[in-house]
There are 2 protein chains.
Amino acid sequence: MASPTVNPDLARERKRATFDPIQLTYVLYNGPERVRRKRYLQSLAINDPVIANSPDWHTLSREQKYEEVMRKTVYYTNRVQELGLTNPEEIFSYREAGMAHENSAFGLHSSMFIPTIEKMGTEEQKQAWIPRSLRYEVIGTYAQTELGHGTFVRGLETTATYDPKSKEFVINSPTLTSTKFWPGALGKTSNYCVVMAQLLTQGQNCGIQAFIVPLRRLDNHQALPGVTVGDIGTKFGYESIDNGFLKLNHVRVPRMNMLMRYAKVLEDGTFIKPDNDKLVYGSMVFIRSVITNDAARSLGQACTIAIRYSAVRRQTEVSPKGEEAQVLDYQTQQHRVFPALATSYALWFAGRYMVDVYLRVTEQIEKGALEELPQLHGLSSGLKAFSSWAASRMLEECRMSCGGHGYSNASGFSKIYVDLTPACTYEGENMVMMLQSARFLLKCFAQAKSGAKLPGLVSCLNRPLRGSSSIDSRLELTALFDAYEHRAVRLITEAAGRVQGLVTSGKTGQQASNQASVQLVAAANAFCHAFVLKTFMDKLSVGVSDAAARSALNTLCQLYAVYGIVDNLGEFMIDGYVSSKQATMLNQRLLDLLAEIRPNAVAFVDAFDTPDNVLKSALGRFDGNVYEAIFEYAKNSKLNEKDVADAYHKHMKPFMDEMKLKAPRVAARL
Amino acid sequence: MASPTVNPDLARERKRATFDPIQLTYVLYNGPERVRRKRYLQSLAINDPVIANSPDWHTLSREQKYEEVMRKTVYYTNRVQELGLTNPEEIFSYREAGMAHENSAFGLHSSMFIPTIEKMGTEEQKQAWIPRSLRYEVIGTYAQTELGHGTFVRGLETTATYDPKSKEFVINSPTLTSTKFWPGALGKTSNYCVVMAQLLTQGQNCGIQAFIVPLRRLDNHQALPGVTVGDIGTKFGYESIDNGFLKLNHVRVPRMNMLMRYAKVLEDGTFIKPDNDKLVYGSMVFIRSVITNDAARSLGQACTIAIRYSAVRRQTEVSPKGEEAQVLDYQTQQHRVFPALATSYALWFAGRYMVDVYLRVTEQIEKGALEELPQLHGLSSGLKAFSSWAASRMLEECRMSCGGHGYSNASGFSKIYVDLTPACTYEGENMVMMLQSARFLLKCFAQAKSGAKLPGLVSCLNRPLRGSSSIDSRLELTALFDAYEHRAVRLITEAAGRVQGLVTSGKTGQQASNQASVQLVAAANAFCHAFVLKTFMDKLSVGVSDAAARSALNTLCQLYAVYGIVDNLGEFMIDGYVSSKQATMLNQRLLDLLAEIRPNAVAFVDAFDTPDNVLKSALGRFDGNVYEAIFEYAKNSKLNEKDVADAYHKHMKPFMDEMKLKAPRVAARL
C-alpha cells in the first residue's frame, strides 16, 4: 500500500524545520535511551505476524471486536512475559504498537482490581489473592458505580450485611438502581470483582467498604448462583470492552473477603474505623493522574494527523491560475490546529509531572505521611477535568480541520475521540472534579486569610492581587504567567466571597456552594490553567538541552499562554488587569506566533514519534501518501464485496418494478 | 418496557411550569392545525407494524444498516404516495417518526439530483429526466467533491471533453485525486449521477459544468463499462448511507447530457456563456438553509434528553442524610444545558426565517431578479457554519451533562451527534463558509463607506459605532442586541482595515485576505450571532400570542443574549463598549436567568413535541422511567446471547490453563 517515496510537500516541511525533532522526542520520553528502547519494542510488535494479520477494526462486529481484543490481550500478556518486561511504560509502548486505541481486555484487572487489593488488603489478604491474580486464575474488576449512582459514593445502595453466625457478609442489590453498572470487563471477562458496598453490621451502617466477590466459576466461567451479570450494550466507543451490569442476590462471602487493611470488621461484627478514610480513594487518584497523560497523547496523535495532512492537502489557488496552497498555509487552519498542538505539549508535561508527584506522595503515604494527600487530591481532580475537556474539544477541532476526509474512519480521528472523551466522565465526572478542586482551593484561601504560609502551587494565595499586567509585545513567559496566576487568585477570591456572602445571608453551606458553583468551577479551571502553563515553563527552563529545540518550544509555550488569554479574554480584562491596548496587542501577536510556528509544525508532531501502526490514519501517515491510503481504505469496504448489493435485489428492484407499473403522476419524494 | 406511570419528579416539573408547552409547540410548528397534522402523521408511522418491527439499530452490522434503511425507504416512499403526501414538511414529519436519525436512501435523489435538473436543465432535458426520476427508474445523486478537491470547485480535475464528430462528451477521471469521492448514495444505490466536470471544447476550458452520467444498467444494476464505482467504507456516522467513489474512464454521454439551461455547448462545440454563473450554486444555497433547521432540531432533541434526565436523575444529598437532589437543581448543570436550550430555540427561529427568505428569493430568481442572491448567499453560508458549529459543540455538552449513561448508545446522543456534526463540513466547509460570508460583509462595508444606503440586515454598517453600551440589569433585549450589532460592526470595520492595510503594504488581495482571515471569521461569526438574536427577538415580538409562553420565551431569549456576551466577553469589552461593571452585572444576571428558567426547563423541551420514537433515548423518555429503559437496553446486548462468550473458550481458557502450568513468579500485566 505504501508508496516508497515521501510526499514532496512533507519532505520539504521536514527540511525547513529549525530544529531536529529527535531532540524533542528525547525531551518527551525522558532521554535517548528510553526512545531507543521504545522504538525497539514498538518495532517488535509492528513486525509480529500474529498482530500484523489483524483484520481492519472498522469492519468488525461488536462481538468480533470483543473477541479480537481478547485474542490480542492474551497474546501480548504472554509475549510481555517472554520478553521479561516489567516497566509499565515499556509494556505500554510495546502493547500500544499492536493494539493502538484498543484497550487491554485485562486492563481493569491490572489497573484497579490488583492495586485495590494491594492498597487496601491486609498481608494475609494479599497472600490469598495477589498470586492467583498474577497468574490469571482470578481475573477481576472493580465495581463501584451503580445504575442510579455515580460520583456520589455515599449514595451507593448495594449492601454488605455481616452475619456473625456464619462469619460471612451477605452482599445484595436491593433495588434496580443499585445494580452495578459500567465497570469495564465486568460483563463477560471477569470471574472476580471488588464490589463497593454499604457495610451493615450490628445494626449500624458503617459506610462504603470494599468486598471481594466471586462472579463466575473458575472451571467453566459460568455465572455463579445469585449472580446476574452481563454486558450493558454498545456505547459511543470502547466497543471491545464488556462494560457490565451486576445484580447480587444475597450472595455470601467469607469475612476475610472484606479488604481490611484500614477499616475492619471483627468476628463478632464489631466495626473498627480506619485512621483516614481518604485512603479508600487512593486508586482513583492514580487513574486521574494517568488521564492527563492519555489526554496529551491522544491530542498529540490528532495533531499529528491534522498537521501532516494539512501539509499535503492543497486547496484553492493563491494567485489566479497558480498552484493551490497547502492548507497549512491558511491562517484559519493554523488558528484551529496550532493551539491544539501547544496544548498537547502542555498537557504532556503536566501529566508527567503529576505522575512523578503521585509516585513520590504514594511512597510517603505508605510510610503513613498523609500531609500531601489533600493537595494531590485537589490538584489531580481539577487537572483530570481540565485536560480531558481540553483534549476532547480540540480532538474534534482537529478532525473538523481535515474536512470531509476527517469524518471517514480512514482518518483515525473517530476512534481516538470516542476513546478519549469518556475520560470527561469516568473516574469522576468533570464538573464534580472541578468542584472538588475548588473546595481544596477555598480551604487554602481560608488558610491564607488566617495568615498561614501556603506551600508550592497555592502560595500565590498568600500574595496580594496586583492591579495591572506587565505583558508587552515581547511576550515574556513570566509576565504571561503572572496574568494566569492573577486570574486564578481573583476568581478564587471572588468565589470565596460569594460563598461567604450566601452563608451570611442565611443559606446552608451546601446551598451556598451550589449557588456559587459556576464561579467555583471557573476558579478551579483558572488555577489548573495556570498550573499547566507553569509545568510547561519549568520544562523549558531545565528540561531541554538542545538550543534550537528549546527556542522552538519556547514559541509554542508562548502560543499556549497567549491563546489561553485571548480565548478567555473577558476573565483577564474584567477587573482591568489586562488593558484594551494589551488585549489588542495579544490578538495581533497571536497571529504572529502562528506564522512563527508554521515552519516547525511538522517537526513538532514528528517529535511525538508515533508510529503509523499506532496512528492508524490514512491522513496522518509519515510518508504523506494520503490519497493512495484513503482509496485503499475505500476499496476494502465490506459493501464492495459485491458490485450489486443484496439490498438491490431484496428491496430496490421490487420497488422499481412496482413503480413502473404504477406510473404515478407525481411520485413521492423522501 | 414502558411503565404505565410517569416518573413523579417529571410529573411535578410539568405541574410547576408557568406556561402550557402546547402554546410554544404551536409557535415552533406554525399553528395548531400543523401540530395536529404532524401528530397524526407521526402516530401513523409509530403504529405501523412494518416499522415497529425494526431491529435495534446498534446491533446491526454496516451491511445490515444499509439494507434496513433501504427497506424502510422504499416502504415509506410507497406509503407517502398512498397517503397522498406532497408537502415536504409533512413528508418529513411522517418519515422522521419511523426513520429517526436514519437518512433516506434516496435523499440525494430527491434533494440534489432532481432539483439540479429542475434548476439547470432545459425544458427538453427536464422532460427527458424528471418523469423517469419521479418514478424511480432513474435514481441519481450529485457528484462534485473529488478525492483531492473539496470546497474549491474550480480545482476539480474531472474533465468533460466535447467531441463534435460524435456529438458526445467524453467524461474522464485523469488522476487518482480526480476520483469523485463522498457523494451520498453513489456507491451502491444510484444508477445515474450529475457529475460536475471541467468542460473542454474547441481547445478551451470553459469551467465547471454539470453532466448527467449513467452509472449502472437499468435492468440489473451492474456498473456500466468504464465506470468504477463503490462505497468509501465506514465513517464516524451515516452508516446506512453508501457515500461513494467514482472513476470514469473516458465514458461517453450525448451532448444533451450537459445541463444547458444557462451555459450551452452547440453542436459544433461552440460554448455559450451563462448570464450569471452564480446560478450553478443554486441548489447548495437551499441545502445550507436547511442545515440550520437540522442543527436546531438535533440540538432540541439533545436538550430534551438532557433536561428530562436531569429532572429524574438524583445525585448527592443537599443536606446531610437528606434526599439526593435532582441534577437539574445544580447550577453547573443549568449552566451546561440551558444555553443549549436557548440556542436550539434561537436556531429554530433563524432556520425557519432563512427557508422563508430562500423561497421568496428563489421565486424572484426564477423571474430573473438576482439582486437578493448575494445577500442570501452571504448570509446562508455564514449561518450554516454558525449553526452547525454551535449545535455540534452543544450536543456534546448535553451528552456529557448526562454522565456515564450519556456515553451509552441507549442515551441516543451518539447517533444525533455523528449525524449532525458532518454538517460542519459538508455543503461547504465551515471555515470557508464563514470567509464567504465575511467577503460579502466586506463588500457591504465598502459600499457603506462610499455612501450607499444598505438594506435590511447590513444597514447597521451605515451607522457610526457608539462608544458604550446601555445595558443594565433589566436586560432589555434592544440594549443587548445593540451590543451584538456593535461587536459585529467593530469586527467588520477592523477586519476591513486590516485587509486594506496589508494591501497598502504591498500584499496581493489573496495574501491580505489570508493574513486577515482569523479576524474575518470572527467578524462573520459576530454578524451571524447578531442575526440569530434578531430573528429570536422578532419572533417574540410578533409570533407568540400566549402571554405566559411569551414571557417564558422572553427569559430564554435574554439568556441567549446574555450567555453569548459572557461567553465572548473579551470581544465586547476590548474597545470599552461593555464596561467592567456591566460585565460583572451580566455574569451575575446570567446565574439569575438560569434560576428563572429552571422551573420551565421541562416545559421548554416538551414543547419541541418530539415523540419517544424519534428521540430513541432511554434517558429522554417522556415518562421518565429511565432506569428500566437503560436496563432493558443492556439486557438486549448481543454479547448477552451467551452467558459464557466464545472468546472465553477460544482465547481466555487456553491462556488461563497455560498460565497455571507456567506458575510465573511475576506475571505480566497489560
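Because the structure is a prediction, the values reported are computed rather than measured.

Draft legend 1. Representation of the overall build of chain A within the structure. Counting secondary structure elements, chain A contains 24 helices and 13 strands. By principal-axis analysis of the C-alpha atoms, chain A measures approximately 90 × 80 × 65 Å. Residue burial in chain A is summarised as follows: out of 670 residues, 62% are buried. Within chain A, residue pairs in contact and separated by at least 24 positions form 75% of the contacts whose partners lie at least 6 positions apart. Accessible area for chain A stands at about 24,300 Å²; split by element, carbon and sulfur atoms hold 53% of it. When the 76 positive and 68 negative side-chain charges of chain A are each reduced to one mean point, those points stand 3 Å apart.

Draft legend 2. The arrangement of the relation of the copies chain B and chain A in detail. Once chain B has been moved 0.0 Å along the axis and rotated by 180°, it coincides with chain A to within an RMSD of 0.0 Å. Taken together, the rotation angle and the small translation identify this as a two-fold axis. No C-alpha of chain B lies nearer the rotation axis than that of G570 of chain B, which sits 2.1 Å from it. Interface overlap between copies is the fraction of interface residues in one copy that are interface residues in the other; for chain B against chain A it reaches 100%, indicating a shared surface.

Draft legend 3. Spatial organisation of the packing of aromatic side chains. Counted under the stated rule, the structure contains 51 aromatic pairs over all chains. Here F236 of chain A and Y407 of chain B contribute two aromatic rings whose centre-to-centre distance is 6.2 Å and whose plane-to-plane angle is 65°, an arrangement assigned as edge-to-face. Here F236 of chain A is found in the loop between β7 (227-231) and β8 (244-248), whereas its partner Y407 of chain B is found in helix α12 (residues 403-407) on a different chain. No difference in accessibility class separates F236 of chain A from Y407 of chain B, as the two residues are buried. Aromatic pair Y238 of chain A and Y426 of chain A: ring centres 6.5 Å apart, planes at 80°, arrangement edge-to-face. One end of the pair, Y238 of chain A, is in the loop between β7 and β8; the other, Y426 of chain A, is in the loop between α13 (413-420) and α14 (430-449), with 188 residues separating them in the sequence.

Draft legend 4. Expanded view of the nonpolar core. Among the nonpolar cores identified, the biggest contains 362 residues, and Y345 of chain A together with Y345 of chain B are the most heavily contacted of them. Among residues more than four places away in sequence, those in contact with Y345 of chain A are L24, L28, F536, L553, L556, F604, A607 and F608 of chain A.

Draft legend 5. Structural detail: unusual backbone geometry. Residue and element names in this part refer to chain A. With phi around 50°, H250 is a residue other than glycine that occupies positive phi space. Residue placement: H250 occurs in the loop between β8 and β9 (251-254). Even without a glycine there, the phi angle at L475 is positive, about 55°. Structurally, L475 is set in the loop between α14 and α15 (477-504). Since its relative accessible area comes to 0%, L475 is described here as buried.

Draft legend 6. Representation of the sheet that holds strand β4 (residues 180-181) of chain B. Residue and element names in this part refer to chain B. The strand order β4-β8-β7 describes an open sheet built from 3 strands, whose pairing is antiparallel. Every other strand in the sheet has two partners, leaving β4 and β7 (227-231) as the edge strands with one partner each. As paired elements, β4 and strand β8 (residues 244-248) share 2 bridges and run antiparallel to each other. Across the sheet, residue K180 finds its bridge partner in β8, namely L246.

Draft legend 7. View of helix α6 (residues 88-98) of chain B. Along α6 of chain B, the positions that sit buried rather than exposed are I91, S93, Y94, R95, E96, A97 and G98 of chain B. The opening residue of α6 of chain B is N87 of chain B, an N-cap whose side-chain oxygen sits 2.7 Å from the backbone nitrogen of E89 of chain B.

Draft legend 8. Main features of the pairing of strand β1 (residues 140-143) of chain A. All names here are of chain A. The side-chain alternation of β1 yields two buried faces, one formed by G140 and Y142 and the other by T141 and A143. Examined bridge by bridge, β1 and strand β5 (residues 192-201) share 4 bridges and lie parallel to one another. Note that in β5 the partner of A143 across the bridge is V195.

Draft legend 9. Up close: the sheet that holds β8 of chain A. Spatially, the 3 strands line up as an open sheet ordered β4-β8-β7 (chain A), and their pairing is antiparallel. Edge strands, defined here as strands with exactly one partner in the open sheet, are β4 (180-181) and β7 of chain A.

Draft legend 10. Spatial organisation of the packing of helix α15 (residues 477-504) of chain B against helix α17 (residues 517-542) of chain B. All names here are of chain B. Put simply, α15 and α17 touch, their axes get as near as 8 Å, and they point 155° apart. Viewed along their axes, α15 and α17 adopt a mutual orientation that is roughly antiparallel. Remark: the crossing between α15 and α17 carries left-handed chirality. Looking at the contact of α15 with α17 residue by residue, the classes come out as 18 nonpolar, 4 polar and 5 charged.

Draft legend 11. Molecular detail of the domain arrangement of chain A. Residues and elements named next belong to chain A. Annotation of chain A at the domain level lists domain 1 (1-30 + 282-624) and domain 2 (138-274). A C-alpha centroid distance of 38 Å is found between domain 1 and domain 2. Contact residues are listed per partner, giving 10 residues for domain 1 and 6 residues for domain 2. For the pair domain 1 and domain 2, the number of links is 0 salt bridges. Per-element tally for the side of domain 1 that touches domain 2: the top contributor is α13, with 3 residues. Each residue belonging to the side of domain 1 that touches domain 2 can be placed in one class, and the counts come to 6 nonpolar, 1 polar and 3 charged.

Draft legend 12. Expanded view of the environment of V357 of chain B. Residue and element names in this part refer to chain B. Within the element layout of this structure, V357 appears in helix α10 (residues 331-366). With a relative accessible area of 12%, V357 lands in the buried category. Placed 199 residues apart in sequence, V357 and T158 show a C-alpha to C-alpha distance of 34 Å.

Draft legend 13. Fine view of the environment of T159 of chain A. Residue and element names in this part refer to chain A. With respect to the element layout, T159 can be found in strand β2 (residues 159-163). Taking the relative accessible area as the measure of exposure, T159 reaches 17% and is therefore buried. Spatially, the C-alpha atoms of T159 and S173 are 6.7 Å apart, while their sequence positions differ by 14 residues. Every residue in contact with T159, bar those within four places of it in the chain, is listed here: V170, I171, N172, A197, Q198 and L200.

Draft legend 14. Molecular detail of the interface of chain B and chain A. With 150 residues of chain B in contact, the opposing surface of chain A contributes 150 residues. In total, about 13,200 Å² of surface goes out of reach between chain B and chain A, with carbon and sulfur atoms giving 61% of it. Where chain B touches chain A, the interface holds 6 salt bridges. Residue E429 of chain A is joined to R336 of chain B by a salt bridge in which the shortest nitrogen-to-oxygen separation is 2.8 Å. At the boundary of chain B with chain A, the tally comes to 61 residue pairs in polar contact (both at pLDDT 80 or more). Take the side of chain B that touches chain A: its biggest share by element is 13 residues, from helix α5 (residues 62-82) of chain B. Taken together, the residues of the side of chain B that touches chain A sort by class into 60 nonpolar, 53 polar and 37 charged.

Draft legend 15. Expanded view of the packing of helix α5 (residues 62-82) of chain A against helix α6 (residues 88-98) of chain A. All names here are of chain A. Interaxial distance between α5 and α6 falls to 11 Å at its minimum, and their mutual angle equals 140°. By the angle class used here, α5 and α6 are oblique. In this structure, α5 crosses over α6, and the sense of that crossing is right-handed. On α6, the residues touching K72, Y76, R79 and V80 of α5 are I91, Y94, R95, A97 and G98.

About the criteria used
Residues numbered from 1 in each chain as written. Chains lettered and ligands numbered in written order. Predicted model: local features only at pLDDT ≥ 70, side-chain atom pairs only at ≥ 80, totals over all residues. Heavy atoms only, no water. Helix = DSSP H or I, 4+ residues; strand = E, 2+ residues; numbered from the N terminus. Buried < 20%, exposed > 50% of the residue type's maximum accessible area, 1.4 Å probe, protein only. Contact = heavy atoms within 4.5 Å. Areas by Shrake-Rupley, 256 points an atom, 1.4 Å probe, with all protein chains shown as cover. Lys, Arg positive; Asp, Glu negative; His and termini not counted. Charge placed at Lys NZ, Arg CZ, Asp CG, Glu CD. Least-squares fit on C-alpha atoms with pLDDT ≥ 70 in both. Phe/Tyr/Trp six-rings, centres within 6.5 Å; stacked < 30°, edge-to-face > 60°. Core = buried A, V, L, I, M, F, W, Y, C linked by side-chain atoms within 4.5 Å. Pairing = 2+ DSSP bridges. Polar contact = N/O pair within 3.5 Å; in protein donor to acceptor, adjacent residues only side chain to side chain. Axes fitted to C-alpha atoms, helices over the stretch in contact; angles between N-to-C directions. Parallel < 35°, antiparallel > 145°, perpendicular 65-115°, else oblique. Left-handed = near helix turned anticlockwise from the far one by under 90°. Nonpolar A, V, L, I, M, F, W, Y, C, P; charged D, E, K, R; others polar. Domains from an automatic or database assignment. Salt bridge = Lys/Arg side-chain N within 4 Å of Asp/Glu carboxyl O. Buried area = accessible area lost by both parts, 1.4 Å probe.

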